Amino acid sequence: MADMQSLLTEKRVFKPEKEFAKAANWNKKKIAEYRKLGEKNPTRFWAQMAKEHVSWFSPWKKALDWKPPVAKWFVGAKTNVSYNCLDRHIEGENAWRRNKAAIIWEGEPGDSRVITYGQLHREVCQFANVLKSHGVKKSDRVVLYMPMVPEAAIAMLACTRIGATHSIVFGGFSSEALRDRIADAGAKMVVTADGGYRKGQAFGLKAHVDEALKGGRHPVERVLVVKRTGQKVKMKKGRDIWYHEEMLGASTHCPPAKLDAEHPLFILYTSGTTGKPKGILHTTGGYLTHVTTTTRAIFDLKEDDVYWCTADVGWITGHSYVVYGPLSCGATTVMYEGVPVHPGPDRWWELIAKWGVTIFYTAPTAIRTFIRLGDEHPERHDLSSLRLLGTVGEPINPEAWMWYHNVIGKKKCPIVDTWWQTETGGIMISALPGGVNTKPGSATLPFPGIHATVLDEDGQEVKPREGGLLAVRHPWPGMLRGIWGDKKRYRETYWGKWKNTYFPGDGAHRDRQGYFWIMGRIDDVMNISGHRIGTMEVESALVSHPDVAEAAVVGRPDEITGTAIVAFVTPTGKAKAGASFQGALKKHVTNEIGAIARPADIRFTTALPKTRSGKIMRRLLRNIASGEEPTGDTSTLEDFNVIATLKEGDE
Ligand code: PRX
């Protein structure tokens, strides 16, 4: 949770620069007009956006069919995402864009590729034909487990071209996590690479796929492998094939499938409050309308912009604002393969100068890391091309916001702090840089057509400056359409708290001007460096270790990553609390889920503090975890029973 106090006392206001506001895609007048329409008639507002920003093969019969909690947008209309991201930019009066850079890609070792719209179109068509030749049909699921290389975007677009539903598993997830997601999605094919580069090392991906498919009880028929690092990989005969070999003979002709607006576009797994991640389902027409409109308006995209969103395609930000949003707008999008600080702490700033990046979108964790590394690194590079900055993924503390504004934006770039989620598909609350004043730490106001508010448990709106729960009252086009294979969980998780109102799971308050200040998750989901990890997920990973009897996981505030994972573990009789067991458990969690879920701290206890009814006293554990750093050897057994008894009345 963000520091409520500092957010409540923040008073600074920044007005849009005159020059910027004058040239903005959405100026004050337009914003006011859209807000009015969006408030009165959100369906009509979004229908207007759908007409303006998306190309359709045939029109809808009804803009919104809302039978809570099931929403259908643009019912009966036909479109295709890859058509919107590619073909429409190279046909007719837009034909000149054929040679415009669609993707500027930079590999971590320093190799780079510039792919034009014409080339991207060709490669996507070829890959779509490769998918077809291996039996992938409309509605089949394809899992992508990729490094940040252009082929990741090509594979996504190729799936959308033929109506296959992709499910990207972040390359940092373990083979265990990959296996579960492949099984849950029922994927027919996996697209992967031999590996990728990170921190100067080649890491393996194909080997994880082999591990995930071991034992043979899985739906996967083919594994397509992109050669990135050249490391040695095993290719299983009849199952595994090289991407570059398949592409050689593939035809560049592949007409886009005319898909229903509600056709499943992708599934993306995200953590919830149980041990099992949720497969968030997004569909075609509404999602495309939402991400295209918000990209154009919030990032103020112009024809000559060089836009860089630093997210990995394995997360929702990578889907919506690295690939689909910018390409649908016909923009130039930058993709970078590696970590921000390799080979030096100024790699990102070097890239901004090298490619003349004009719009830069990243996460508060990265900003805080750079603050700590020192101003001399950005100051060594020419960042004068920048004109707009964005942030996403977690609450940004005013201090980090000010540093971003001063040191990176040189006080001239507006900052858009964008609140949204995997489930919302696109940005929901954000400044519009041409006409909304900003305040450090506030995501400002809902996007037109988004009916966000702050409610109490009973569904009553709270007063200004009073804490409450973020809520959305009207469906929006990029809204999740369900949890893959689990209707009940969809209804209960998002629509169970209030009547016909979406519950995102975040705490928030509004100030007297109606500005939103997001305080962070209020459920058992942690936000680690802007990535969601469920406490239960880490707990189930820990208890799957044979020497763990019981485990409880909580988050504690961390200066850089926002939250750090702390695990309290009761070992079985024979296991010894100690540093080597701590190390083994951290490794175990990394193997079960991935490095992002690795606990920062593991503390051993003879028993977990519980209430009389057997509930783990999480608040107490959170207090203990975020209290003074324990001195001395924390690897020995702690006895919380006494404190538990003392605090029992609290829970
Ligand atoms: O708690 C909110 C936080 O990130 C959560 C969504 O995580 P995920 O689905 O992984 O998507 C992250 C990228 C969109 C939210 O419930 N969050 C996201 N953006 C912000 C934020 N918290 C505060 N301010 C933001 N701008």
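Calculation criteria
Residues numbered from 1 in each chain as written. Predicted model: local features only at pLDDT ≥ 70, side-chain atom pairs only at ≥ 80, totals over all residues. Heavy atoms only, no water. Near = heavy atom within 4 Å. Polar contact = N/O pair within 3.5 Å; in protein donor to acceptor, adjacent residues only side chain to side chain. Areas by Shrake-Rupley, 256 points an atom, 1.4 Å probe, with all protein chains shown as cover. Helix = DSSP H or I, 4+ residues; strand = E, 2+ residues; numbered from the N terminus. Core = buried A, V, L, I, M, F, W, Y, C linked by side-chain atoms within 4.5 Å. Buried < 20%, exposed > 50% of the residue type's maximum accessible area, 1.4 Å probe, protein only. Contact = heavy atoms within 4.5 Å. Axes fitted to C-alpha atoms, helices over the stretch in contact; angles between N-to-C directions. Parallel < 35°, antiparallel > 145°, perpendicular 65-115°, else oblique. Nonpolar A, V, L, I, M, F, W, Y, C, P; charged D, E, K, R; others polar. Pairing = 2+ DSSP bridges. Disulfide = S-S within 2.5 Å. Phe/Tyr/Trp six-rings, centres within 6.5 Å; stacked < 30°, edge-to-face > 60°. Lys NZ or Arg CZ within 6 Å of the ring centre and 35° of its normal. Salt bridge = Lys/Arg side-chain N within 4 Å of Asp/Glu carboxyl O. Left-handed = near helix turned anticlockwise from the far one by under 90°.

Asker: For this particular structure, what's the right way to read the site of the ligand?
Answerer: The immediate surroundings of the ligand are formed by 17 residues, with Asp417, Thr418, Thr422, Asp506 and Arg521 found nearest. Glycine 393 is positioned with one of its backbone polar atoms (N or O) 3.1 Å from a nitrogen atom of the ligand. At 2.6 Å from an oxygen atom of the ligand is found a side-chain nitrogen or oxygen belonging to threonine 422. Computed on the free molecule, the ligand has an accessible area of 540 Å², of which 97% lies beneath the protein chains in the complex. Where the shell around the ligand is concerned, the elements lending two or more residues are helix 12 (316-328), strand 20 (415-418) and strand 25 (516-521).

Asker: I tried to follow the nonpolar core on my own but got confused; where do I start?
Answerer: Generally speaking, a soluble globular protein has its nonpolar side chains buried in company with each other. Among the nonpolar cores identified, the biggest contains 164 residues, and Phe74, Leu120, Phe127, Tyr324 and Val538 are the most heavily contacted of them. In terms of residue count, helix 7 (residues 150-162) provides more of this core than any other element does, nine residues in total. In contact with tyrosine 324, not counting residues within four places along its chain, are Val81, Cys85, Met156, Leu157, Thr160, His166, Phe266, Tyr287, Val291 and His319. Grouped together as the second largest cluster of nonpolar side chains are 28 residues, Ile104, Trp308, Leu351 and Val357 included.

Asker: Just checking my understanding: could you explain unusual backbone geometry for this structure?
Answerer: Apart from glycine, the bulk of residues carry a negative phi angle, and the bulk of peptide bonds sit in the trans form. The step from proline 68 to proline 69 runs through a cis peptide bond, and the omega angle for that step is 0 degrees. Here lysine 411, not a glycine, exhibits a phi torsion of approximately 65 degrees, which is positive. The residue lysine 411 is located in the loop between helix 16 (398-408) and strand 20 in this model. The exposed category is assigned to lysine 411, whose relative accessible area is 58%.

Asker: Please explain the environment of histidine 53 as it appears in this structure.
Answerer: Looking at the secondary structure, you find histidine 53 in helix 4 (residues 42-53). Residue classification places histidine 53 among the buried positions, given a relative accessible area of 10%. Between the alpha carbons of histidine 53 and arginine 598 there is a distance of 42 Å; along the sequence they are 545 residues apart. Here histidine 53 is in contact with Arg88, Thr292, Thr293 and Arg296, once residues within four sequence places are set aside.

Asker: What am I meant to see in the packing of helix 11 (residues 285-298) against helix 12 here?
Answerer: For any two helices packed against each other, the geometry comes down to the angle between their axes and how far apart the axes lie. Remark: helix 11 packs on helix 12, axes separated minimally by 8 Å, with the N-to-C direction vectors making an angle of 85 degrees. With respect to their mutual orientation, helix 11 and helix 12 come out roughly perpendicular. On helix 12, the residues touching Tyr287, Leu288, Val291, Thr292, Thr294 and Thr295 of helix 11 are His319, Ser320, Tyr321, Tyr324, Gly325, Pro326 and Ser328. In terms of residue class, the contact of helix 11 with helix 12 is made up of six nonpolar, seven polar and no charged.

Asker: I keep staring at the sheet that holds strand 22 (residues 468-472) and nothing clicks. Help me out?
Answerer: Remark on secondary structure: sheet strands pair via backbone hydrogen bonds, oriented parallel or antiparallel. Strand order in the open sheet made by the four strands is 21-22-24-25, with antiparallel pairing throughout. Single-partner strands in this sheet number two, and they are strand 21 (452-455) and strand 25. Across the sheet, the axes of successive neighbouring strands diverge by a mean angle of 45 degrees, strand direction being ignored. With four bridges joining them, strand 21 and strand 22 adopt antiparallel strand pairing. Among the inter-strand pairings, leucine 455 is bridged to a residue of strand 22, identified as leucine 469.

Asker: Which parts of the structure should I look at to understand helix 16?
Answerer: With nine of 11 residues buried, helix 16 lies mostly within the body of the structure. Just downstream of helix 16, lysine 410 is the residue with a positive phi angle, here 50 degrees.

Asker: Honestly, the sheet that holds strand 20 in this entry has me stumped. Any pointers?
Answerer: Taken in spatial order, the seven strands make up an open sheet running 5-4-17-16-18-19-20, and their pairing is mixed. Every other strand in the sheet has two partners, leaving strand 5 (112-116) and strand 20 as the edge strands with one partner each. Strand-to-strand twist in this sheet, taken as the mean axis angle between neighbours without regard to direction, amounts to 20 degrees. The sheet contact formed by strand 19 (residues 388-392) and strand 20 spans four bridges and is parallel. When the sheet's bridge partners are listed, glycine 390 is paired in strand 20 with valine 416. Against the sheet, helix 6 (residues 117-133) makes contact with strand 4 (101-106) and strand 5, and its axis sits at roughly 90 degrees relative to strand 5, the strand it touches most.

Asker: When you look at the state of the cysteines in this model, what are you seeing that I'm missing?
Answerer: Note on terminology: disulfide describes a covalent bond linking the sulfur atoms of two cysteines. A complete count under the given rule lists zero disulfides for this structure. Cysteine cysteine 125 shares no disulfide, and the gap to the nearest cysteine sulfur, in cysteine 254, comes to 5.5 Å. Residue classification places cysteine 254 among the buried positions, given a relative accessible area of 3%.

Asker: It is not clear to me how the environment of histidine 244 should be interpreted in this structure. Could you clarify?
Answerer: As for its placement among the helices and strands, histidine 244 is situated in helix 10 (residues 243-248). Along the sequence, histidine 244 and lysine 100 sit 144 residues apart, while their C-alpha atoms lie 24 Å from each other.

Asker: Explain the pairing of strand 19 here, please?
Answerer: For a regular strand, side-chain orientation follows a simple rule: the groups alternate between the two sheet faces. Strand 19 sits mainly inside the fold: five of its five residues count as buried. On strand 19, burial covers both faces: Leu388, Gly390 and Val392 on one face and Leu389 and Thr391 on the other are all buried. The pairing of strand 18 (residues 359-362) with strand 19 spans four bridges and is classified as parallel. Residue pairing for strand 19: phenylalanine 360 is matched across the bridge by leucine 389.

Asker: What's the story with the pairing of strand 1 (residues 62-67) in this structure? I'm lost.
Answerer: In this sheet, strand 2 (residues 70-75) lies alongside strand 1 in antiparallel orientation, the contact comprising five bridges. Bridging from a neighbouring strand, lysine 62 pairs with valine 75 of strand 2.

Asker: Please explain the packing of aromatic side chains as it appears in this structure.
Answerer: What describes a pair of aromatic rings is the distance from one ring centre to the other and the angle between the planes of the rings. One pass over the full model with this rule turns up 37 aromatic pairs. Centroid distance phenylalanine 170 to phenylalanine 173: 5.9 Å. Interplanar angle 85 degrees. Geometry classified as edge-to-face. For phenylalanine 170, a relative accessible area of 17% gives the class buried. Here the aromatic residues Trp66, Trp476, Tyr490, Tyr494, Trp495 and Tyr502 are joined through ring pairs into a cluster of three or more. One Lys or Arg, lysine 258, reaches over the ring of phenylalanine 57 and ends 5.5 Å from the middle of that ring. The positively charged end of lysine 497 is found above the aromatic ring belonging to phenylalanine 503, 5.0 Å away from the centroid.

Asker: Teacher, can you tell me more about the pattern of salt bridges here?
Answerer: As a working rule, side chains carrying opposite charge can pair if their charged atoms are close by. Tallied over the entire structure, the rule returns 40 salt bridges. Note that arginine 521 is salt-bridged to aspartate 523, the shortest N-O span being 2.6 Å.

Asker: Mind showing me how you'd approach the packing of helix 5 (residues 81-90) against helix 7 here?
Answerer: Orientation of helix 5 relative to helix 7, taken along the N-to-C sense of each, is 115 degrees, at an axis distance of 7 Å. Comparing their axes, helix 7 and helix 5 come out roughly perpendicular. As helix 5 packs across helix 7, the resulting crossing turns out to be left-handed. Along the contact surface, helix 5 presents Val81, Ser82, Tyr83, Cys85, Leu86 and Asp87, while helix 7 presents Leu157, Thr160 and Arg161. Residues belonging to the contact of helix 5 with helix 7 are distributed by class as follows: five nonpolar, two polar and two charged.

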